[in-house]
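Single-letter residue listing:
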Amino acid sequence: MSRTYRMIVVKKSKKITPHLQRVIFTGDDLADFPENQESGYVKLLFSNDGQAINDRDRVGEEKHLKRTYTIRSFSREENELIIEFSLHGHKSGPASTWAELTKPGDKILIAGPGSTKLVNNQSDWFLLAGDMSGLPALCCNLEQLPKNAQGYAVIEVISELDKQTLKMPDGIAVKWIINNKPGENSDALLNAIKALSWKDGNPYIWVACEFDSMKKIRHYMKNSRNIEQENMYISSYWKFDRTEEQHRIDRRIYLETPLFIQILWKIITRFQKFRFLKR
Ligand SMILES: Cc1cc2nc3c(=O)[nH]c(=O)nc-3n(C[C@H](O)[C@H](O)[C@H](O)COP(=O)(O)OP(=O)(O)OC[C@H]3O[C@@H](n4cnc5c(N)ncnc54)[C@H](O)[C@@H]3O)c2cc1C
């Protein structure tokens, strides 16, 4: 990921559904922002007390928090970068709180972009699944599928009113799941996926959601559906009751360490009252 920091300025902010805030950014620093990075990500910078960092001199001076968000769209012509923030209520963090309250003229530094997260369009069919954190990247994928693409989009949203009209090929069937306690029912997405009728040929599986949910879907795809690694992108975008910093550590331990360390880590995090884990 590029380490360049760009200052971006809020041009417009509106709720597109009750739990999804679309923020349109502009600013001189976007002049050299690369095109065609939709589905990739940027990192927004916040201070430890949750304020947007909008002074370059503060980067490096103090330890800051980074929050990862999908590039929903970027237009060089309009000089506009769009990010959609899920609003997760009483369990908010600096980024979701800031997004809900932000107004035109507010500034924030971003790092990035980081790599795109796109399906392999040569696959026979597609299964895309995600919750509201993965929805922006899932939409970027749907919008770039071939016209004749076949498959499913399984989307978990917080309320009935969070359903939205999506641009996608006619051959993609959408299944909406309502879960008003995101992260607390980590079987919801998996159960909806299991209920789909599997199509012939090689699918590409694309999933972005909560950590426990991701683990279950990954296990199912590898062990019950024999999907090879190169035919899937399954990633956790957040973890229930854990900040992004904590989630990053949990994800590394899950992906990079043996099972006994994972179990030990789970026990330790159960007792996360230890001060050093509570960042
Ligand atoms: C590659 C990538 C792309 C992403 N793109 C997007 C995007 O486009 N839009 C988007 O909304 N999110 C996106 N996310 C997820 C986002 O980075 C996290 O949700 C992040 O934790 C939000 O930061 P925060 O400051 O609001 O909360 P944090 O300070 O990180 O966490 C505070 C509390 O909020 C809870 N929480 C965090 N996220 C959620 C959530 N989605 N639902 C319910 N509770 C939550 C945590 O469990 C914790 O208890 C992406 C993540 C990755 C890795």
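Described below are features of the structure shown in this document. Just so it is clear, the model here is predicted, and its values are computed rather than measured.

What counts as what
Residues numbered from 1 in each chain as written. Predicted model: local features only at pLDDT ≥ 70, side-chain atom pairs only at ≥ 80, totals over all residues. Pairing = 2+ DSSP bridges. Helix = DSSP H or I, 4+ residues; strand = E, 2+ residues; numbered from the N terminus. Axes fitted to C-alpha atoms, helices over the stretch in contact; angles between N-to-C directions. Near = placed C-beta within 6 Å. Nonpolar A, V, L, I, M, F, W, Y, C, P; charged D, E, K, R; others polar. Buried ≥ 20, exposed ≤ 12 C-beta atoms within 10 Å, placed from the backbone. Contact = placed C-beta atoms within 7 Å. Core = buried A, V, L, I, M, F, W, Y, C linked by C-beta atoms within 7 Å.

**Digging into the sheet that holds strand E9 (residues 151-157)**
At step 1: Across the sheet, 5 strands lie side by side as E10-E9-E8-E11-E12; this open sheet has parallel pairing. Each of the sheet's edge strands pairs with one partner strand only, and the pair in question is strand E10 (172-178) and strand E12 (232-238). For this sheet, the mean angle separating the axes of adjacent strands, direction not counted, is 10°.
At step 2: Across 7 bridges, E9 lies against E10 in parallel orientation. In the sheet register, Ala153 faces E10, and the bridge partner there is Val174.

**Here's the deal with the site of the ligand**
At step 1: What surrounds the ligand is a group of 28 residues, the closest being Thr70, Ser86, His88, Gly93 and Ser96.
At step 2: Of all the secondary-structure elements, those providing two or more residues to the shell around the ligand are strand E4 (64-70), strand E6 (80-86), helix H1 (94-101) and E12.
At step 3: Considering every element that reaches the shell around the ligand, the biggest residue donor is E4, with 4 residues.
At step 4: Within the shell around the ligand, the residues separate by chemical class into 11 nonpolar, 10 polar and 7 charged.

**A closer look at helix H2 (residues 135-144)**
At step 1: Within H2, 8 of the 10 residues are buried, which leaves the element mostly enclosed by the surrounding structure.
At step 2: Buried residues in H2 make contact with E4, E6, strand E8 (125-130), E9, E10 and strand E11 (203-210).

**Focus: the pairing of E6**
In the case of a regular strand, side chains alternate between the two sheet surfaces.
At step 1: Counted residue by residue, E6 has 5 buried out of 7 residues, so it is predominantly covered.
At step 2: Of the pairings in the sheet, the one linking strand E2 (residues 20-26) to E6 comprises 6 bridges and is antiparallel in character. Looking across to E6, one finds that Leu20 is bridged to Ser86.
At step 3: Relative to E6, strand E5 (residues 73-75) runs antiparallel, the two being bridged by 3 bridges. By the bridge assignment, Ser73 is partnered in E6 with Ile82.
At step 4: Between E5 and E6, which pair antiparallel and follow one another directly, the connecting turn spans 4 residues, one of which, Asn79, has a positive phi of 55°.

**Side note on the sheet that holds E2**
At step 1: Across the sheet, 7 strands lie side by side as E4-E3-E7-E1-E2-E6-E5; this open sheet has antiparallel pairing. At either end of the open sheet lies a strand with only one pairing partner, and these are E4 and E5. Adjacent strand axes in the sheet meet at a mean angle of 35°, parallel and antiparallel pairs treated alike.
At step 2: Across the sheet, H1 lies against E2, strand E3 (41-47), E4 and E6, angled at about 115° from E6, the strand it touches most.

**Considering the nonpolar core**
At step 1: Counting residues in hydrophobic clusters, the biggest one holds 40 residues, and the most contacted among them are Ala129, Leu138, Val207 and Ile217.
At step 2: Of all the secondary-structure elements, those providing two or more residues to this core are E8, H2, E9, helix H3 (188-194), E11, helix H4 (211-223) and E12.
At step 3: If you look at the next biggest cluster of nonpolar residues, it comprises 26 residues, including Val42, Phe46, Ala95 and Ile110.

**Examining unusual backbone geometry**
At step 1: Following Gly112, the chain continues into Pro113 via a peptide bond in cis, with omega recorded as 10°.
At step 2: Relative to the helices and strands, Pro113 is located in strand E7 (residues 107-114).
At step 3: If you check the backbone angles, Asn36 has positive phi at about 60° while not being a glycine.
At step 4: Tracing the backbone through its elements, the reader meets Asn36 in the loop between E2 and E3.
At step 5: Its identity as a non-glycine residue notwithstanding, Asn79 has a phi of 55°, on the positive side.
At step 6: Structurally, Asn79 can be placed in the loop between E5 and E6.

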